[in-house]
Amino acid sequence: MIKLNYENAFVSEEKLLESAHLVKAAAAILHAKKGAGKEYTGWLDLPENYDKDEFLRIKEAAKKIKGHSDALVVIGIGGSYLGAKALFSALKHNFYNEIEKPKIYFAGQNLSPTYLKDLIEVLKDKDFSVNVISKSGTTTESAIAFRIFKSLLEEKYGKEGAKERIFATTDKSKGALKSLADTEGYETFVVPDNVGGRYSVLTAVGLLPLAVCDIDIDKLMEGAYDAAIKYANPNILENPCYQYAIIRNILYRRGKDIEILANYTPKLKYFTEWWKQLFGESEGKDGKGIFPAGVNFTTDLHSMGQMIQDGRRNIFETVLNIEKTNKDIEIESIDEDIDGLNYLANKTLHEINQKAMEGTIMAHVEGGVPNILLSIEELDEYNMGQLVYFFEKACGISGYLLGVNPFNQPGVEKYKSNMFTLLGKPGY
């Protein structure tokens, strides 16, 4: 299970226990589904109550896609793509698309014409399918991308052939995409009404793309299920999820209003991006919120390290630690020690990376940066299922502790209305 070490967080056990009643109250409201945004708390019991029939259909659709496609284009933005991208990056080969099939590409997460044109060029000689993910079907970025790729599929395979290659993950009964899917005969999967986008990775939103690249979605759900049980423990000293939620709020009250999530493997880069959306959209409202930032170490020690070490003391770090690796390299001794690395002989890169992490934590703590260390045993489906649920629950509780609705995102709509006005959309 996930281990949390807060000895370097400048928060004592006594201080933690002083706030235990607050986290228990927030958890009680969350579990009773009586708090702000209660209509979007379906993720809470999802690991047990997910749609088993749809789960089987997801597996069958994944087999179908693997059977006739060299590539799958996943179209979505925000929570409609970040969760799948995060777990794909964490659990598959770093260079998956260079050695495996079907290749997984993402579109509809930006408005860059260069990005789309480049992707179209990559796909021109490939058989491909599309999984379009949108609750409404009218989100600008993903709707534009789907319009383009739908046209490409129909041009390449005809309307009948295209409908066998388009899979829509959308609302159960309403919306533009659901209406189109029903009219055209696309296979559809459901974005549950009671699960918001940033909490949706363990629904069909994330599970279908992950199943296509042979990620074990059963193990993913098993990990989340075990996490749901463990992180319902009311004893704060035995519940790292509750500890994390309250510690970050204690630090926030002390003026630490920026949290940096640090990882030590490129495989967690997009998990950090998923985490940033989860906490940024959940807490950043009503003039409140801990700003979520991310760094990828040791790479960013050579760019952001100086700021973290000696900059403003309004930050704290949460470090993701992977205890084991399934691949490693041992450093060998050479006769001419020109690079001065012989002192590392017989050590592995994983060992060296771990010492880099430990040394960095020591330096940053000495520099006045509180550090929380979160450890999982290894990067596999079971552990990542746990980690997803851990952060989702901690985020819900943390939002309630902060006094905001952690399940809405009213500020997201402002840029859209301005953009629609500037583009001349009717009604704006």
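Quantities reported herein were computed from a predicted structural model and do not represent experimental measurements.

**Student:** I keep staring at the overall build of the protein and nothing clicks. Help me out?
**Tutor:** When its secondary structure is counted, the protein shows 17 helices and 10 strands. Relative to the compact-globule value of 22 Å for 428 residues, the protein shows a C-alpha radius of gyration of 23 Å, a close match. Along the longest, intermediate and shortest principal axes, the C-alpha atoms of the protein span 65 × 65 × 45 Å. Summarising the internal contacts of the protein: among those between residues at least 6 apart in sequence, 77% fall at separations of at least 24. Roughly 19500 Å² of accessible area belongs to the protein as shown, and the carbon and sulfur atoms make up 52% of that amount. The centroid of the 51 positive side-chain charges in the protein is displaced by 7 Å from the centroid of its 60 negative side-chain charges.

**Student:** Please clarify how the pairing of strand E5 (residues 166–170) should be interpreted in this entry.
**Tutor:** If a strand is regular, its side chains alternate between the two faces of the sheet. In terms of burial, E5 is largely enclosed, as five of its five residues are buried. Here E5 shows no split at all, with Ile-166, Ala-168 and Thr-170 on one side and Phe-167 and Thr-169 on the other all buried. With four bridges joining them, strand E4 (residues 128–133) and E5 adopt parallel strand pairing. Within E5, the residue paired with Val-132 across the bridge is Ala-168. For the crossover from E4 across helix H8 (residues 140–163) to E5, the handedness is right-handed. In terms of strand pairing, E5 meets strand E6 (residues 187–190) through four bridges, oriented parallel. Its bridge partner lying in E6, Thr-170 is registered against Val-190.

**Student:** Would you mind showing me how to read helix H5 (residues 82–91) here?
**Tutor:** It helps to recall that an α-helix has 3.6 residues per turn; residues three or four apart then point in one direction. Here H5 lies mainly inside the structure; 10 of its 10 residues are buried. Looking only at H5, the buried set comprises Leu-82, Gly-83, Ala-84, Lys-85, Ala-86, Leu-87, Phe-88, Ser-89, Ala-90 and Leu-91. For H5, the elements touching its buried residues are helix H6 (96–99), strand E3 (103–107), helix H10 (204–212), helix H11 (217–230), helix H13 (269–283) and helix H16 (381–402).

**Student:** Is there a simple way to think about the packing of aromatic side chains in this case?
**Tutor:** Aromatic rings in a pair are described by how distant their centres are and how their planes are angled relative to each other. Under the counting rule described, the total for this entry stands at 22 aromatic pairs. Taken together, a centroid distance of 6.3 Å and an interplanar angle of 90° make the contact between Tyr-244 and Phe-279 edge-to-face. Linking Tyr-244 in helix H12 (residues 240–253) with Phe-279 in helix H13, this pair joins segments that are 35 residues apart in sequence. As far as the burial class goes, Tyr-244 and Phe-279 line up, both buried. An aromatic cluster is built from Tyr-231, Tyr-244, Phe-271, Trp-274, Trp-275, Phe-279, Phe-390 and Phe-391, whose rings are joined through pairwise contacts. Across the ring face of Tyr-270, the terminal group of Lys-85 is positioned such that the distance to the ring centre comes to 4.6 Å. Here the basic side chain of Lys-425 rests over the ring of Phe-420, its NZ or CZ set 4.1 Å away from the ring centre.

**Student:** Hey, could you run me through the environment of Val-23 in this one?
**Tutor:** Position of Val-23 relative to the elements: it lies in helix H2 (residues 20–32). Classification of Val-23 as buried rests on a relative accessible area of 0%. For the pair formed by Val-23 and Val-132, sequence separation is 109 residues and the distance between their alpha carbons is 38 Å. Discounting chain neighbours no more than four positions away, the residues touching Val-23 are Ile-236, Tyr-242, Ile-397 and Leu-401.

**Student:** I keep staring at the sheet that holds strand E8 (residues 291–296) and nothing clicks. Help me out?
**Tutor:** Across a sheet, paired strands are connected by hydrogen bonds in the backbone, their directions being either parallel or antiparallel. Strand order in this open sheet of five strands is E1-E10-E9-E7-E8, and the pairing throughout is mixed. On the outer flanks of this sheet lie strand E1 (3–5) and E8, each paired with one strand and no other. Across the sheet, the mean angle from the axis of one strand to that of its neighbour is 20°, orientation sign disregarded. Bridging between strand E7 (residues 258–263) and strand E9 (residues 315–322) involves five bridges; their strand directions are parallel. Along E9, the bridge assignment pairs Leu-261 with Thr-318.

**Student:** What is the right way to read the sheet that holds E5 from this model?
**Tutor:** Taken together, the five strands give an open sheet; going across it, the order is E3-E2-E4-E5-E6, and neighbouring strands pair in parallel fashion. Each end of this open sheet is capped by a strand with a single partner; those strands are E3 and E6. Neighbour-to-neighbour, the strand axes of the sheet open up by a mean angle of 20°, direction not taken into account. Contacts from H10 reach strand E2 (71–75), E3, E4, E5 and E6, with the element oriented near 165° to E4.

**Student:** I tried to follow the pairing of strand E10 (residues 371–376) on my own but got confused; where do I start?
**Tutor:** Of all the six residues making up E10, six are buried; the element is thus mostly covered by neighbouring parts of the structure. Residues Asn-371, Leu-373 and Ser-375 point to one face of E10 and Ile-372, Leu-374 and Ile-376 to the other, with burial holding for every one of them. In terms of strand pairing, E1 meets E10 through three bridges, oriented antiparallel. Paired with Asn-5 across the two strands is Leu-373, which belongs to E10. Pairing of E9 with E10 involves six bridges; the strand directions are parallel. Bridged to Val-319 within E10 is Leu-373.

**Student:** I would appreciate a short explanation of the packing of H2 against H16 in the present structure.
**Tutor:** Two numbers describe a pair of packed helices, the interaxial angle and the distance between the axes. Contact geometry for H2 and H16: axes closest at 9 Å, N-to-C directions at 110°. Between H2 and H16, the interaxial angle falls into the category roughly perpendicular. As H2 runs across H16, the sense of the crossing is right-handed. Contact with H2, carried on its side by Leu-22, Val-23, Ala-26, Ala-27, Ile-29, Leu-30 and His-31, involves Lys-393, Ile-397, Tyr-400 and Leu-401 of H16 and no other residues of that element.

Conventions adopted
- Residues numbered from 1 in each chain as written.
- Predicted model: local features only at pLDDT ≥ 70, side-chain atom pairs only at ≥ 80, totals over all residues.
- Heavy atoms only, no water.
- Helix = DSSP H or I, 4+ residues; strand = E, 2+ residues; numbered from the N terminus.
- Rg over C-alpha atoms; globule rule 2.2 N^0.38 Å.
- Contact = heavy atoms within 4.5 Å.
- Areas by Shrake-Rupley, 256 points an atom, 1.4 Å probe, with all protein chains shown as cover.
- Lys, Arg positive; Asp, Glu negative; His and termini not counted.
- Charge placed at Lys NZ, Arg CZ, Asp CG, Glu CD.
- Buried < 20%, exposed > 50% of the residue type's maximum accessible area, 1.4 Å probe, protein only.
- Pairing = 2+ DSSP bridges.
- Right-handed = clockwise from strand over helix to strand, strands pointing away.
- Phe/Tyr/Trp six-rings, centres within 6.5 Å; stacked < 30°, edge-to-face > 60°.
- Lys NZ or Arg CZ within 6 Å of the ring centre and 35° of its normal.
- Axes fitted to C-alpha atoms, helices over the stretch in contact; angles between N-to-C directions.
- Parallel < 35°, antiparallel > 145°, perpendicular 65-115°, else oblique.
- Left-handed = near helix turned anticlockwise from the far one by under 90°.

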